[in-house]
Every structure is written in structure tokens, then in C-alpha cells.
Amino acid sequence: MHEALFYQVLDGKTVVCGLCHHRCRIQPGKRGRCGVRENQDGRLYTLVYGRLVAEHVDPIEKKPMFHLLPGSRSYSIATVGCNFQCQHCQNYEISQYPLLHHGQIKGVGRSPAAVVEQAEQTGCASISYTYVEPTIFYEFAYDCCVLAKKRGIRNVFVSNGFMTPEVARHLAPVLDGINIDLKAFHAEFYQKICKARLEPVLENIRLFHELGVLVEVTTLVIPGHNDSEAELRSIARFLRSVSVDIPWHVSGFYPTYKLLDRPPTPEATLIRAREIGLEEGLRFVYTGNVTTPGGEDTHCPGCNALLIRRQGFSSQVLGLENGRCRHCGVPVAGLWQ
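Residues numbered from 1 in each chain as written. Predicted model: local features only at pLDDT ≥ 70, side-chain atom pairs only at ≥ 80, totals over all residues. Heavy atoms only, no water.

Caption draft 1: Molecular detail of the pairing of strand E9 (residues 73-78). The element E9 is largely enclosed, with a buried count of five among its six residues. Here six bridges tie strand E8 (residues 54-59) to E9, and the two strands are oriented antiparallel to one another. Counted as the bridge partner of Glu55 is Ile77 from E9. Here E9 pairs with strand E11 (residues 126-129) via four bridges, running parallel. (Buried < 20%, exposed > 50% of the residue type's maximum accessible area, 1.4 Å probe, protein only. Helix = DSSP H or I, 4+ residues; strand = E, 2+ residues; numbered from the N terminus. Pairing = 2+ DSSP bridges.)

Next comes the structure, spelled out in C-alpha cells:
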């Protein structure tokens, strides 16, 4: 076990966890909503420090991060647990593991040094903290980030964006990129489908951008839940209000876990979502989980020249040099080197 960061002790040895916006009040012997932080006699401990259940070498495009070192590989890690309870979670076997297994914790012991060493040995240019919400294993992720940064390895969070601003500000100096799920644009969806709230996610998209972290956003488009033109247009307008350069990934849904009453997202819906994003002034909108030709390519916002061609999880850089379009010289937002 490892003592947690970001908590306060109240009278009676109750603690308040300040890691995410649930800000759980945890009695002695109890855990927070994530199932992996426990109050032991007035001290809060993380139960998953270095206890990894997933270690994979992935293309960075799989995160998805399209504007961070395209064509590179990312060493991807996760523990069990999550602070959301999304009914459509594709990784529910590990994200909901404590909930589904009477509080059990599993995982193979790893140190931050071992993770960074594996990233180096496998030729990865970054480490991604992913598969479940990485904020719930923050202490371990942060220690990995610090060491990776010293070794010249980039750090990426794939996140639901529900951490507190204290955590975001603590993390930003060692974080290079973050993909935040913006799951919908109405509070009812977050309450009903995820057992969470929308507003903190919007605040963190703004905050990480202000802190200089490369922000990309993903919306899983679910028929009947968040696929109306009005909702998609609202998301696009919000992102534009933060920055026209934020890449927006509109991805296809497939029935999974508890959300089995909805069909897969029609390809036409994703094509239209991309059109809406571009109509609203976003420069980079990408379709995901479909095979639409050109839907994942990056074009110059100045002259529309093809800069990066993508197919599957592979990328071919064609018209980008030193972060600028080779044809017209316009700078393109991203981390390219």
C-alpha cells in the first residue's frame, strides 16, 4: 500500500479525498467510489500503487492522439478501478473489477523505474496512462511521469476529465498530452449513464488547454443518447470556444456491458458529426471506429493540403515539417518531434 495524495482528515478520522470531483467522504475502513482508495484509521491509502493489470505497446493513434508524435508507439498501462460507472464501458472487466469482485484488488507489481525501462526497451516515445481512468492510480502515474520526463519520454493521459483542479495543476508540468472523453453535452447523460457530472469535464478541458497541455477530445456517439445534431453542434461550439485547434474525435459506438439496447452508430451519423464540427469552425475533426476514407486524415488549416494520411492505426506524415505545412508554411497545433 502507498499513502494517497490529495486528502484531508476531518474529526473522527473521516477523510475527504480530493483526487476527483466526487470528493468522497470516507469513513475509517471504507473506500471511495473508485474502489481503490481506502481510509485506514484516518489515513487514506491507494491500494493499486504499481499493481498493473495491463501493459501493452500501442500505436499512439489508438489512444486516440493524432497530434502527438504520429506513427510512434506508446507504452500503455492500467490498474483496476474507476471513478465512473459507465454503462457502456468497453474495459469494464478491469475498470469495475473491485465493484464486481467484492472489493478485490489484483495486479502485478511494478515500479515506476520498471515501467519507464520497459518503455525505453520497446522503443516507445511515450507512456500512456489509459484503459481505465488514470486519475484513480494517480500516485503511481505521477511518479512514472516524473521519471519519464527526465528520460525524454512523453506522458499521455486518456481520461474522463473528472480530476480536481488541484490535481490538474499538479499533473500539468509533467504531462504532454491528454485525450478527454466528452461523453455528451447534457447533465442527464452523465448522471444516468456514468454516475458523474458534466460541468467538471468542461472545466478541465479548458484548464488543461490553459496550462499548455496538448488536449484532444473524444465523443463516443451513441444512437438515441447523444447523436442529435443539436447536441453535436453544442459540443463543437464549446470546443471552438476553448480553441479551434483542439482535435475532436467522433467515434462509433458498439453495444457492450450494460448498454445493449442501442445499435452500433451508423457511419452516416459519424460523417455528419464530422461535418458539423468543421462547420462550427474546428480545424481538426476525425471519425473513429469506421472505415470512412479520409475521415482520419489531417489537412492543413491554411491551404487544405494533406499533411498526415492515416489508415487503421498507422500514420504517414506527408506534408508536415517542423510543425508547419510544407506547402504554405502555416503552423499546425501539436507535438510533432
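The rest of the description comes next.
Caption draft 2: Up close: the nonpolar core. Counting 89 residues, the largest nonpolar core has Leu182, Ile205, Phe208, Leu239 and Trp248 as the members making the most contacts within it. Here this core gets seven residues from one element, more than from any other, and that element is helix H4 (residues 138-150). Those residues in contact with Phe208 that sit more than four places away from it in its chain are Met163, Ala168, Leu171, Leu175, Ile178, Ile180, Val213 and Val215. (Core = buried A, V, L, I, M, F, W, Y, C linked by side-chain atoms within 4.5 Å. Contact = heavy atoms within 4.5 Å.)

Caption draft 3: Looking closely at the pattern of salt bridges. For the structure on display, the rule yields 23 salt bridges. Among the salt bridges present, the one from Arg233 reaches Glu280, with a minimum N-O distance of 2.6 Å. With a gap of 47 residues between them, Arg233 in helix H8 (residues 229-242) and Glu280 in the loop between helix H9 (267-279) and strand E16 (285-288) connect regions that are remote in the sequence. Of the two residues, Arg233 and Glu280, both sit in the buried class. A salt bridge links Glu279 to Arg272, with the shortest nitrogen-to-oxygen separation between them at 2.8 Å. Judged by its relative accessible area of 46%, Glu279 is partly exposed. Members of the salt-bridge network, linked through shared partners, are Glu229, Arg233, Arg237, Arg240, Arg272, Glu275, Glu279 and Glu280. (Salt bridge = Lys/Arg side-chain N within 4 Å of Asp/Glu carboxyl O.)

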